[in-house]
Every structure is written in structure tokens, then in C-alpha cells.
Amino acid sequence: MRIGMINARSLHRILGLIVGAQLIIWTLTGLAFNLIDDRQLDANTMRTKPDSTTLIKPAVALTQIVSEITDQQKNNAIEQMNLKRVELATLLERPIYRLKTSNGTFAFWGDTGEAVNLDNEQLIRLARQSYQGETSLSEPILDKAAAQRYGGSPAFYRIDALDEQGTQIFIDGLSGQVKAHENQGSRFKQLLFMLHFIDYFPDNGLSFNHLATQLIAFAALLLGLSGAWVLMRKLVAGDYVSWGTSNSEGQLTLLSPDGEPLESLILAPGNLLDGLNQDRSRIPSQCGGGGQCGMCRVRFVEQAPQATPEEQARLKQEHLAQGIRLSCQHNCHQGKVALTSRAQLRFWQKATR
Amino acid sequence: MLTPKQSRWLRKSHKWLTLFLGAQLLIWLISGLYMVLMDIDYIHGDHLVDESRLTLDASQLTISPETILSRYPEATRLELLPTALGPVYKLNLTGKPLYLSGRDGEPLEPLGQQAAMKIAARLHPGDLSNASSELLTESVPAEIGGRHLPLWQINLNDAFDSRLYISASSGELVTKRHDFWRLFDIMWMLHIMDYDTREDVHNPLLTGFSLLALLTALSGALLLLIAFKRGEEEPA
């Protein structure tokens, strides 16, 4: 049981080293999602959906187009293609068929039956239609990384708007679809997600279901559970509130290593180290009361309390037998405690001079 | 490096912050772990349906889009969808969708129970002998908020209480739900601390707790600076 307890605290520290930075990243990015207005992180505030106009009747029949693709696929010896969905829409004032198939999306002009493959002028017109701003637009640039990100065809273009937000418009030249708008805000949001999901190589879009995230999330849960264990132990030990034994009355006497009385102190709530250092620093400590540095040791002259796991690990058995304990590990009680070394005595002399 | 006074103050801050926040910190860690461990496609119920079974057969199409368009010239968008009962046209007419049979071009009749089960059997790869169905016309179940009625709820009555929701007006699969999805939804609610709508990440409760959590993490990280430090050994 004791070994288990000391392990909880050590485990908490070691896990803190491993996942501490990610915990700070999680809380910071979580706060950012909570505090930042969605519109600040969204490029679509500058995006316009084209007006819904009534459809133009296509001159070429759907059956003709379907048989055309089927022939094409046959010639390329591709496995049998399944048709998933057909859409008739209007693109740049022309009717357009979009066919979603098991082999990708194909688009055809409804007036000529030709496969859609937008030229630069058409791409710019489409981008202009989709964008509210007035600034000029760059020439279309082929963007392979974006094509992978958005699952686009080989003719996937990026068009930069020269605005303050750094807007970029992504168009698939073969389907004639505006796939996305991005700007500084949406890229920042992407970065926040990347940090929160620990997904630094989002080839096919961000994901939180991968091994790195899962391992770190598991380690973080262990950190939380070990912390909870230490907290429960402190609660039971009366480190937060001392229940039961009232110690409001009485005095604490501090003795030199040789047993000569040095000072009488009024009892203070909290642990013994805090009680000894209530108005000035009489006993040095490096770790601030974590039971780690071992500097705050004192000798209980009368009945010594039971040693905690920290003390079992930190102090020699013979010292424990002499009643030496770490003052940060026990509550402030009435009684007598003695300093344990010349160095502590010199420190006390300096403090009380 | 930290002075003893600073480290004492940090330790106290960490101690009291974790007492106050402890439960929510654990909830964040547990809900986060659940969400990253569960495959999101599984949560979405992709194992419950095999949509590759649904394909459009152009030969079944006895009425062409051009004919439909000449009947409804005011349509702003026309789609042809595969359903388990054959191809269906979906038209956008001033914002409202209209569903027409791809066989005869007539508006679809509301889906009956047998037809709904037939669609479910076509979509679901497993056995449906335990399944039951219910037509929802009055209120939308909370687990599929925002969907349009009428809907057929197909209860697979399996170990995870899986359900398929099929639109009674179009025959399309609307969504699917099962217990791991429902647990995911609860975890998400706990993660963002919005216990009412389960979608508002901008709520002030979350702001307060996140700020304190940041202080907890920072005080913990600073404590690490002294966590492995030992005082010099001295003879007692």
C-alpha cells in the first residue's frame, strides 16, 4: 500500500514531464475555441453562394453521357463503375451534369456534352462569383497538396485574393465546384485543431483517431488518476482541513539539535513546516512542501507520527526510528520538535536574529 | 530557479486548484480518451449500412431529367438519387424539395412500413429478423435533432440498440444511431460543458473552468522544475 502511494506521486511527476506540455496546449487551444468568435475563424464569411437560378434545359441527354463514360471506362480497363448520384445544375450560365461514381466525380456540359475542364478565364469568373470582396484575384495555380486535402481531381486550382485576410479560393477544374475558401482565420483554426488533436501530418484532413493522440491521451488520464490518488490521500490525512483533533489551543516548542529550547510558537492551521515558518523562514525547504527535497526534517521529541510514503523513501530507517520526520508531511500539533543539524540551527539563528 | 517561497506558493495553488477542478479535469481526460479511442466512422454507424449496395441503374430510368425539367421549369436544382426502391428525382422548388419517382415521374407516395423495411434490409448488411419499425410524425427524437419528419425509425433491436432513420417522403437513409454514438454524444457534452444544447463551445462555464485548468497546468509545469531536485544530504 505504501509503495503504491509513493508511486502515485512519482508517477504523477514522471507523467507530468511526458505530457505536461500537451496539457498546456490542450487548455490553451480549448480556451481559444471557447473565446474566439466562430466568424473570426471562418473564411466562408466572405463567400457567396451563387444565386439559385432556374435550371437551363440541357441539349444532351443524360443517357448519352452515361454511355459515354461507361465506354471510356471500358477502354481504360477500369473495374466496373457504379453510378451513385446525378446532379443537374447551372455553372457559369450553362447547364452542367455532375455524376458521382465509384471512380470519382465527372462533370459534363449539358449544352455540348463535353467533359468539363475549366480554363483560367472560367476559373477566375467562378472564383469572382464565389467571393464577396472587391480586390483583384491572382491567376489560378495548380495545387496538389490542396487536391489531396480536399479529395479533388488532378486539375485542382488555388486562386489568391489579394485581400487583408489572405483569402484563397479552391476550385476543382474537372467538377466545376468551388471546394473551399481559406483565409488567415480558417488557417489559424486548422492550426488550433492540429495542436488539440496532435495531428501534425494531416494528409487527408485532420483526424483525432490515431496512435500518437491515443497514447498521449492515455498517459494524460494516468496523470489525472495519479493526481487524484495523491489528492485523496491528502484529504484523508487532513492536509486540506484537519477534521476531528482540534489543535487551536496550545503551543509548539522548537528545540535545538541538542535539545535546548529555542522558541515557543502559537499553533497555526496547516502543516508543521508552514507552522514553523508562519512569520519568518526558520526552516529551509527547496521543494515547497512536496516531501521531495528532504530539507525540512525535524525530530519529534515525544510521540512521532507514523511515517508517510515520502518519508519511507527519503529518510533512512535509523533516522525514522529516532523520530525524524519531514515537517511538510505532518499537521501542526501541540508538542516539541527539534532541529536535526548544525546547518538548520545556523539557518534558524539567521532568521530570528 | 524558484525560491522556496515561490515553490511553496505554487504547491499550494496546485493543491487547491486541483481540489476545486479535479472532477472536471478527470472528465476532460476520460471523455477525450473515449473520443480519440473510438473510431469516428464506427461512431457514425458506417458499419450499420453498406451504401455501396445502392447504385443508380440508368436502364431503370424510364423518364429522363429533360422530361422532368419540362414539367417543372421553375426547378433550381435537380438530383437523381438511388434508393432501395429505385431511382428518385429530387427537385428544389423555391426552397422546398419535391421527390418524384424515377420510373414514372409521379410524386412519391409516403413510404409504407413494408417499403421502409425493404429499404432497411437492402441497406443493412446483417440480419433484420429482430427489427421493428415505427413511423415518426409528431416529434423528432433528441438523438437526431434537426431532421425533417416524417421518418421511419427502424429499430434493429441488437445489443447496442442500433437504429436506422429513413425519410418517409424520399426513402433516403437520413442517419443511424447506436449506443456508442449516444455515449460519444454524452462525452462531447461533458467535454464542452454545455449540458443543454450540447453544441455551444462558447459558454461561460467552460471559459471559467478552462482558465483555471490553464493555471493548474502551468503551476504543475513550474512545479516540475523542482520536482526532481533533492536537498543536500546532511547528518542528523
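Residues numbered from 1 in each chain as written. Chains lettered and ligands numbered in written order. Predicted model: local features only at pLDDT ≥ 70, side-chain atom pairs only at ≥ 80, totals over all residues.

A. Fine view of the interface of chain B and chain A. Listed per partner, the contact involves 58 residues of chain B and 60 residues of chain A. Per-element tally for the side of chain B that touches chain A: the top contributor is helix 1 (residues 4-37) of chain B, with 17 residues. Of the residues assigned to the side of chain B that touches chain A, the class counts are 35 nonpolar, 13 polar and 10 charged. In the sheet, strand 1 (residues 83-91) of chain A pairs with strand 1 (residues 77-83) of chain B via 3 bridges, with the strands oriented antiparallel. What sits directly across from E87 of chain A, in strand 1 of chain B, is E79 of chain B. (Contact = placed C-beta atoms within 7 Å. Helix = DSSP H or I, 4+ residues; strand = E, 2+ residues; numbered from the N terminus. Nonpolar A, V, L, I, M, F, W, Y, C, P; charged D, E, K, R; others polar. Pairing = 2+ DSSP bridges.)

B. Structural detail: the environment of G205 of chain A. With respect to the helices, strands and loops of the structure, G205 of chain A is situated in the loop between helix 5 (184-197) and helix 6 (211-236). Spatially, the C-alpha atom of G205 of chain A lies 7.5 Å from that of Y150 of chain A, the residues being 55 residues apart in sequence.

C. The arrangement of the domain arrangement of chain B in detail. Domain parsing of chain B yields domain 1 (4-41 + 183-227) and domain 2 (46-177). Between domain 1 of chain B and domain 2 of chain B, the C-alpha centre-to-centre distance is 43 Å. (Domains from an automatic or database assignment.)

D. Region of interest: the packing of helix 6 of chain A against helix 1 of chain B. Following both chains from N to C, one finds helix 6 of chain A and helix 1 of chain B inclined at 155°, their axes separated by 9 Å at the closest point. Judged by the inter-axis angle, helix 6 of chain A sits roughly antiparallel to helix 1 of chain B. For the element pair helix 6 of chain A and helix 1 of chain B, the recorded crossing hand is left-handed. Contacts from T213, Q214, A217, F218, A220, L221, G224, G227, A228 and L231 of chain A of helix 6 of chain A reach helix 1 of chain B at T18, L19, G22, L25, L26, L29, I30, G32, L33, V36 and L37 of chain B. (Axes fitted to C-alpha atoms, helices over the stretch in contact; angles between N-to-C directions. Parallel < 35°, antiparallel > 145°, perpendicular 65-115°, else oblique. Left-handed = near helix turned anticlockwise from the far one by under 90°.)

E. Spatial organisation of helix 1 of chain B. The terminal C-alpha atoms of helix 1 of chain B, which comprises 34 residues, lie only 42 Å apart, well short of the 50 Å expected from a rise of 1.5 Å per residue. The sharpest bend along helix 1 of chain B reaches about 70° and sits at L21 of chain B. (Expected span 1.5 Å × (residues − 1). Bend = angle between axes of the 7 residues up to and from the residue.)

F. Broad picture of the packing of helix 1 of chain B against helix 5 (residues 179-192) of chain B. Residue and element names in this part refer to chain B. With their axes 9 Å apart at the nearest point, helix 1 and helix 5 run at an angle of 140° to one another. When the interaxial angle is binned, helix 1 and helix 5 end up oblique. As helix 1 packs across helix 5, the resulting crossing turns out to be left-handed. In this structure, helix 1 uses I27, W28, S31, G32, Y34 and M35 to contact helix 5, whose residues at the interface are F184, M187, L190 and H191. In terms of residue class, the contact of helix 1 with helix 5 is built from 7 nonpolar, 3 polar and no charged.

G. Broad picture of the nonpolar core. In terms of nonpolar packing, the biggest core is built from 43 residues, with Y97, L123, A127, I169 and I171 of chain A together with L78 of chain B touching the most fellow members. Top element by residues in this core is strand 1 of chain A. It accounts for 5 residues. Beyond its immediate chain neighbours, meaning those up to four positions away, I169 of chain A contacts A127, S130, Y131, I159, A161, V178 and H181 of chain A. Counting 19 residues, the second-largest nonpolar core is a separate cluster that includes V19 and A217 of chain A together with L33 and A213 of chain B. (Core = buried A, V, L, I, M, F, W, Y, C linked by C-beta atoms within 7 Å. Buried ≥ 20, exposed ≤ 12 C-beta atoms within 10 Å, placed from the backbone.)

H. Structural context of unusual backbone geometry. Residues L149 of chain B and P150 of chain B are joined by a peptide bond in cis, for which omega reads 0°. Topologically, P150 of chain B is positioned in the loop between strand 4 (132-136) and strand 5 (151-155). For E93 of chain A, which is not a glycine, the phi torsion comes out positive at approximately 60°. Tracing the backbone shows E93 of chain A in the loop between strand 1 and strand 2 (94-101). Given 8 C-beta atoms within a 10 Å radius, E93 of chain A is considered exposed. For N157 of chain B, which is not glycine, the phi torsion reads 50° and is therefore positive. Positionally, N157 of chain B belongs in the loop between strand 5 and strand 6 (163-167). Residue N157 of chain B is classed as partly exposed on the basis of its C-beta count, with 13 C-beta atoms lying within 10 Å.

I. Inspection of the pairing of strand 12 (residues 335-338) of chain A at higher detail. Residue and element names in this part refer to chain A. Sheet topology places strand 8 (residues 251-255) next to strand 12; 4 bridges connect them, and they run parallel. Each bridged residue has a counterpart across the sheet, and for T253 the counterpart in strand 12 is K336. Sheet analysis places strand 10 (residues 297-300) next to strand 12, joined by 2 bridges and oriented antiparallel. Counted as the bridge partner of R299 is A338 from strand 12.

J. Broad picture of the sheet that holds strand 4 (residues 141-142) of chain A. Residue and element names in this part refer to chain A. If you trace the 4 strands from one edge of the open sheet to the other, you get 4-5-6-7, paired in antiparallel fashion. Of all strands in the sheet, those bounded by a partner on one side alone are strand 4 and strand 7 (177-182). Of the strand pairs in this sheet, strand 5 (residues 156-160) and strand 6 (residues 168-172) are connected by 5 bridges, and their pairing is antiparallel. Note on strand 6: the bridge partner recorded for D160 is Q168. Against the sheet, helix 3 (residues 120-130) touches strand 5, strand 6 and strand 7, its axis set at about 125° to strand 6.

K. Summary view of the UniProt feature "transmembrane region" (unreviewed entry) in chain B. All names here are of chain B. Cross-referencing UniProt, the feature "transmembrane region" (unreviewed entry) maps to residues 16-37 and 205-228 in the present numbering. Annotation note: span residues 16-37, helix share 100%, strand share 0%, distance between end C-alpha atoms 31 Å. Secondary structure across residues 205-228 divides into 96% helix and 0% strand, with the first and last C-alpha atoms of the span separated by 35 Å. (UniProt positions renumbered as here; feature names shortened; annotations may be inferred.)

L. Structural view of the pairing of strand 1 of chain B. Residue and element names in this part refer to chain B. Pairing of strand 1 with strand 2 (residues 86-93) involves 7 bridges; the strand directions are antiparallel. Looking at strand 2, one finds that L80 is bridged to Y89. Taking the residues that link successive antiparallel strands as the turn, the strand 1-strand 2 hairpin has 2 residues.

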